[in-house]
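Per-entry structural report
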Amino acid sequence: MGYTRVRRNKEQDNMENQATDASRPDRWSNKWIFILAATGSAVGLGNIWRFPYIAGENGGGAFVITYLVSVLLIGIPIMMSEVLLGREGRSSPITTMRRLIEFSKANRIWVLIGWVGVLTGFLILSYYEVIAGWALNYSVTYAGQLTGMIPVPEVDLSTGMGVAETQWNALLANPWELILFQTIFIAITVVAIGRGVKKGLEFINLWFMPSLFLLLLALLVYSILEGDMQAALTYMFKPDWSALGAGGAVAAMGQAFFTLSLGMGAIMVYGSYLPSEASIPRAVLSIATLDTLVAVVAGLIVFSIVFANGLEPAAGPGLLFISLSHAFHIMPNGLLFGMLFFSLVTVAALTSLISISEPALAWLVEEYNARRERVAITIGVVAWILGLGTIFSFNEWENMHIVGDLTFFDLLDQVTNEVLLPLGGLFIALFTGWVLPKEIAQRQLSMGNFSLQCWYLATRYLAPAGVLLVFAHSIYERLS
Ligand code: TRP
């Protein structure tokens, strides 16, 4: 399939008016829905679960500021690159890259952006669905306790977080329960992506994103009334640079990639469905702002509750599932707001999951000319089987170390977040900065000359340098 065909489509695009472009089945109905869906992809476990605990582990304020700077200097430019590649290629990341390589007369190695993306998608999908399952399990448990269907545990403060810890350990030790919730999540994802862009992706985002914002607002009000917002604000915005260290700075950059869904073509596919007339820079700015806002608000909610109950901010991955859950069991209306909080995490995870599957789905549909429903089921089955590895990492295979002292899950988590996503981001930045003909970037981004130069500065130098720093650091850490 040659680039000429894309060109013809583009010209057709331009000739068609806005309404007909948006009415195609493989386009978002309008640019607002694209912003909503991309925000749905960006806002996920990364904002609500990962961001607070990583900020907590790295001393708060200084981490938050480094993260904000990374979003601005590296995240936003790379997101613009992904969207523009997607909208120019109008297909799955693999086919998009093939077309643009042909047009740019570039080396075929760049197709790796597409391949690595599809592979990374499967890997992330397989563990993300399991963690999302934890959140669903917690919201169901809280709902059960609230309605009296599940007995409410008696919290004995003399044993500290003993009850919350027992609940957490019991969940992780039970593979059947984990499989049940993983399966529910996969099933919903498969149905959503199988129904296509308009009936599936748009539908889910149109319903769930407004609920997400309402839940967030309700929890913010609750944490202002019942938490210690003053302490949370000080902790998150008063930088103590000595608490950061090189590792923390690198983690902040990695977090910027993960939270904006960058580096594996998810945003690229979403961009391929974007109507031609929408402004990419404006859309990207809105998405990044909303995503950052949600992360900051989620952080404030979590930390104000943590501090009001005298808990540790640096609790690691158990911050939500143990510390916060403990707090909800001793706070006024805690069961209700606990249920709302974990529903928020569940909803956020769902709208992210569908974007993680989309690059692989789009590619398989193109390559095998297959029906979306069938491909969706295939992806679901593969991800489900891979996901068993993550589930067993917490029980049956707990003591099986694949590399060093890493379990299967640890390995997946590190390989995707510390190697594959930054690598994808690096290639995407370099390709758009150095290889892609300037006229394409200019036409797709349609920005003023100054803004365009800033974007080139970021994609050519800043972003690659940032990513290389992440790599250098993790190699150094591994060796020392
Ligand atoms: N951004 C999501 C989060 O913060 C996760 C996510 C969705 C993602 N799609 C992605 C991460 C693509 C990397 C790549 O939870």
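Residues numbered from 1 in each chain as written. Predicted model: local features only at pLDDT ≥ 70, side-chain atom pairs only at ≥ 80, totals over all residues. Heavy atoms only, no water.

**Some remarks on the overall build of the protein chain**
Using the following cut-off: Strands here are runs of E lasting at least two residues and helices are runs of H or I lasting at least four, both read from the DSSP assignment and numbered beginning at the N terminus. Based on C-alpha atoms, the radius of gyration is set beside the globule rule, defined as 2.2 Å times the residue count to the power 0.38. For every residue, the accessible area obtained with a 1.4 Å probe (protein chains only) is divided by the maximum for its type, and the residue is called buried under 20%, exposed over 50%, and partly exposed between those limits. Contacts: residue pairs with any heavy atoms within 4.5 Å of one another. All accessibility values rest on the Shrake-Rupley procedure with a 1.4 Å probe; residue burial counts only the protein chains present in the view. We treat Lys and Arg as the positive residues and Asp and Glu as the negative residues; His and chain ends play no part in the count. Just so you know, the charge point we use is NZ for Lys, CZ for Arg, CG for Asp and CD for Glu.
The number of helices and strands found in the protein chain is 20 helices and 0 strands. For 480 residues, the compact-globule estimate of 2.2 N^0.38 gives 23 Å, and the C-alpha radius of gyration of the protein chain, at 22 Å, lies within 12% of that figure. Within the protein chain, the proportion of its 480 residues that are buried is 58%. For the protein chain, the proportion of contacts with a sequence separation of at least 24, taken over those separated by at least 6, is 82%. When the accessible surface of the protein chain is summed, it comes to about 19100 Å², and 65% of that surface belongs to carbon and sulfur atoms. Within the protein chain, the 33 negative side-chain charges are centred at a point lying 18 Å from the centre of the 26 positive side-chain charges.

**Digging into the packing of helix α15 (residues 318–330) against helix α16 (residues 334–368)**
Cut-off, in case you're wondering: Under this scheme, a helix contributes an axis fitted over its contacting stretch, all axes are lines through C-alpha atoms, and angles between N-to-C directions fall in the 0 to 180 degree range. To sort the angles, those under 35 degrees are grouped as roughly parallel, those over 145 as roughly antiparallel, those from 65 to 115 as roughly perpendicular, and the leftovers as oblique. For this scheme, ten residues count as nonpolar: Ala, Val, Leu, Ile, Met, Phe, Trp, Tyr, Cys and Pro. Four count as charged, namely Asp, Glu, Lys and Arg, and the remainder, Gly too, count as polar.
For the pair α15 and α16, the least separation of the axes is 8 Å and the interaxial angle reads 150°. Our classification of the angle between α15 and α16 gives roughly antiparallel. Between α15 and α16, the residues in contact are L320, F321, L324, F328 and H329 and G334, L335, F337, G338, F341, F342 and V345, respectively. Taken together, the residues of the contact of α15 with α16 sort by class into 9 nonpolar, 3 polar and no charged.

**Describing the nonpolar core**
Worth spelling out the cut-off: In plain words, nonpolar cores are sets of buried Ala, Val, Leu, Ile, Met, Phe, Trp, Tyr and Cys residues tied together by side-chain atoms within 4.5 Å.
Residues F34, W134, F341 and F431 are the most contacted members of the largest nonpolar core, which totals 165 residues. Among the elements that make up this core, the one with the highest residue count is α16 (20 residues). For F431, the residues in contact, after removing those within four places along its chain, are L85, M97, L100, I101, S104, A106, W110, I113 and L436.

**Things to note about the site of the ligand**
The cut-off we apply is this: It suffices for a single heavy atom of a residue to lie within 4 Å of a molecule or strand for the residue to be listed as near it. Each polar contact in these results corresponds to two N or O atoms within 3.5 Å; when the atoms are within protein, one needs to be able to donate a hydrogen and the other to accept it, and residues that are neighboring in sequence are counted only if both atoms are side-chain atoms.
Taken together, 16 residues are adjacent to the ligand, and A42, G46, Y128, F258 and S261 come closest. Here a nitrogen atom of the ligand and a backbone polar atom of S41 are 3.2 Å apart. Within the backbone of L45, one N or O atom sits 3.1 Å away from an oxygen atom of the ligand. For the ligand, whose unbound accessible area comes to 360 Å², protein coverage reaches 100%.

**Regarding the confidence of the model for the protein chain**
Using the following cut-off: pLDDT measures the predictor's confidence residue by residue and takes values from 0 up to 100.
Model confidence for the protein chain is summarised by a mean pLDDT of 91, while 96% of its residues fall at 70 or above. The model gives residues 1–8 a pLDDT under 50, and that stretch makes 15 contacts with residues more than four places away or in other chains. Segment residues 10–19: pLDDT under 50, and 13 contacts once partners within four positions in sequence are set aside and those in other chains are kept.

**Overview of the packing of aromatic side chains**
For clarity, the cut-off: Working definition: a ring pair exists when centres of Phe, Tyr or Trp rings (six-membered ring for Trp) sit within 6.5 Å. Plane angles under 30 degrees give stacked, over 60 give edge-to-face, the rest tilted. Only when the NZ of Lys or the CZ of Arg is both within 6 Å of the ring centre and within 35 degrees of the ring normal is a charge said to sit over the ring.
For the structure shown, the criterion picks out 33 aromatic pairs. Seen in terms of ring centroids, Y127 and F409 are 5.7 Å apart; in terms of plane orientation they differ by 75°. Their pairing is edge-to-face. In this pair, Y127 is assigned in helix α7 (residues 112–146) and F409 in helix α18 (residues 408–435), connecting sequence segments 282 residues apart. The buried category is assigned to Y127, whose relative accessible area is 3%. Taken together, a centroid distance of 6.3 Å and an interplanar angle of 85° make the contact between Y142 and F328 edge-to-face. Pair noted here: Y142 is in helix α7 and F328 is in helix α15, with a separation of 186 residues, a long-range link. Taken as a pair, Y142 and F328 share a single burial class, namely buried. By the ring-pair criterion, three or more aromatic residues cluster together here, those being Y127, W134, Y138, Y142, W168, F321, F328, F341, F342, F394 and F409. Seen from the ring of F258, R50 lies directly overhead, with NZ or CZ sitting 5.2 Å from the centre. Looking at R460, its charged tip hangs above the ring of W434, at a distance of 4.5 Å from the centre.

**Things to note about the pattern of salt bridges**
A side chain with one charge can pair with a side chain of the opposite charge if their charged atoms come near. Under the convention used in this document: Salt bridges are defined by distance alone: a side-chain nitrogen of Lys or Arg within 4 Å of a carboxyl oxygen of Asp or Glu.
Taken as a whole and assessed by the stated rule, the structure comprises 5 salt bridges. R443 is the partner of E88 in a salt bridge, and the nearest nitrogen-oxygen pair spans 3.2 Å. With E88 in helix α5 (residues 61–89) and R443 in helix α19 (residues 438–445), this residue pair connects regions lying 355 residues apart in the sequence. By relative accessible area, E88 is classed as buried at 0%. Residue R443 is classed as partly exposed on the basis of its relative accessible area of 35%. Between R372 and E358 there is a salt bridge; the shortest N-O distance is 3.1 Å. Here the residue R372 occupies a position in helix α17 (residues 372–393), and E358 occupies one in helix α16, the gap between them amounting to 14 residues. For E358, a relative accessible area of 0% puts it in the buried group.

**Thoughts on the environment of S272**
Along the polypeptide, S272 turns up in helix α13 (residues 266–272). Taking C-alpha positions, S272 is 8.2 Å from L84, a pair spaced 188 residues apart along the chain. If sequence neighbours within four positions are ignored, S272 has contacts with R27, G86, R87, R90 and S91. There is a polar contact of 2.6 Å between the side chain of S272 and the backbone oxygen of V269.

**What about a nonpolar patch on the surface?**
Counted only if it meets this: By definition, no residue in a patch forms a salt bridge, and every one has over 30% relative accessible area; like charges are joined within 9 Å, nonpolar side chains (Val, Leu, Ile, Met, Phe, Trp, Tyr) within 5 Å.
A surface patch of nonpolar side chains, about 680 Å² in accessible area, is lined by V69, L72, L73, W434, L457, Y461 and L462. On the secondary structure map, V69 appears in helix α5.

**Looking at the packing of helix α4 (residues 45–57) against helix α14 (residues 280–308)**
Put simply, the rule reads: Handedness of a crossing is defined here by the sense of rotation of the near helix relative to the far one, left-handed for an anticlockwise turn of less than a right angle and right-handed for a clockwise turn.
Contact geometry of α4 with α14 gives a least axis separation of 9 Å together with a crossing angle of 65°. Note on packing geometry: the crossing formed by α4 with α14 is right-handed. Seen from α4, the contacting residues are N47, I48, F51, P52 and G56; seen from α14, they are D291, V294, A295, V296, A298, G299, V302 and F303. Within the contact of α4 with α14, the residues separate by chemical class into 9 nonpolar, 3 polar and 1 charged.

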